[in-house]
Amino acid sequence: MKTLRSIILCITTIISIQLTQAQAPITPDSTTILMSDNELFDTIKEYDNAEYVKVTPFMIGMAKLMATGAEKEFLDKVKSMRIIALASCSSDDKAKYADLISSVALKKYEPVTEISDENINMRIYLKMKEDIVTEMIIAQWGTTQNYIMQINGTLSIADIESMSKGNNPNPM
């Protein structure tokens, strides 16, 4: 349950940052590689020691049974998730990942922001139906953590803002 809490805290914090400090949307250029989300995940899964986790609707349902408060509200709106962590990958694979994420444009997704500082880079892509976020991909790379996460569900921007405002900074 601690891992789930950490994931939810991470997601809502990232989204909160994105909503409050969004930079200009990403604009593709001539070096952009166009890929589907599945092609991107399949490519990254092949890196040696990449850790892939798929959280199925059944697993989300099981987690809902133990969740309370903001966690339960979040899980009620999530159908599934998949995550690839590159913590155990070689420096070369992490560099390939950074190059790939820096140059990719995802088919059917809207790139909403890129956040960069000296230690971290992050891109957030959304797939929306009217005012509802149906899919979100968060990619992070840099000197700290390297991962990509996809969340499928039905989240409104108001839901995301509400969850990020209601987060306890130390839920463990």
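Model, not experiment: these values are computed from the prediction.

S.K.: How do you make sense of the overall build of the chain when you look at a structure like this?
M.R.: For the chain, the helix and strand inventory stands at six helices and eight strands. The secondary structure elements of the chain, listed N-terminal to C-terminal, are α-β-α-β-α-α-β-α-β-β-β-β-β-α. Counting all 172 residues of the chain, 44% fall into the buried class. A fraction of 66% describes how many contacts in the chain between residues 6 or more apart in sequence connect residues 24 or more apart. For the chain, the computed accessible surface area is about 9300 Å², with 52% contributed by carbon and sulfur atoms.

S.K.: Is there a simple way to think about the pattern of salt bridges in this case?
M.R.: Tallied over the full model, the rule gives six salt bridges. Lysine 127 serves as the salt-bridge partner of glutamate 135, at 3.5 Å between the closest nitrogen and oxygen.

S.K.: When you look at a nonpolar patch on the surface in this model, what are you seeing that I'm missing?
M.R.: Together, Phe58, Met59, Met62, Leu65 and Met66 line one region of the surface with nonpolar side chains, adding up to about 590 Å² of accessible area. Tracing the chain through its elements places methionine 62 in helix H3 (residues 57-66).

S.K.: Which parts of the structure should I look at to understand the nonpolar core?
M.R.: Soluble globular proteins tend to pack their nonpolar side chains together in the buried interior. Within the largest apolar cluster, 22 residues are counted, with the highest numbers of intra-cluster contacts made by Met81, Met122, Ile124 and Met136. Contributing elements (two or more residues each) for this core: H3, helix H4 (69-76), strand E3 (78-85), strand E5 (110-116), strand E6 (120-129), strand E7 (132-142) and strand E8 (147-156).

S.K.: What's the story with the packing of aromatic side chains in this structure? I'm lost.
M.R.: Between two aromatic rings, the relevant description is the distance of the centres plus the angle of the planes. The final tally for this structure, using the stated rule, is zero aromatic pairs. The ring of tyrosine 52 has lysine 45 lying over it, and the distance from NZ or CZ to the ring centre is 4.5 Å.

Definitions and limits used
- Residues numbered from 1 in each chain as written.
- Predicted model: local features only at pLDDT ≥ 70, side-chain atom pairs only at ≥ 80, totals over all residues.
- Heavy atoms only, no water.
- Helix = DSSP H or I, 4+ residues; strand = E, 2+ residues; numbered from the N terminus.
- Buried < 20%, exposed > 50% of the residue type's maximum accessible area, 1.4 Å probe, protein only.
- Contact = heavy atoms within 4.5 Å.
- Areas by Shrake-Rupley, 256 points an atom, 1.4 Å probe, with all protein chains shown as cover.
- Salt bridge = Lys/Arg side-chain N within 4 Å of Asp/Glu carboxyl O.
- Patch = residues over 30% accessible without salt bridge, like charges linked within 9 Å, V, L, I, M, F, W, Y side chains within 5 Å.
- Core = buried A, V, L, I, M, F, W, Y, C linked by side-chain atoms within 4.5 Å.
- Phe/Tyr/Trp six-rings, centres within 6.5 Å; stacked < 30°, edge-to-face > 60°.
- Lys NZ or Arg CZ within 6 Å of the ring centre and 35° of its normal.

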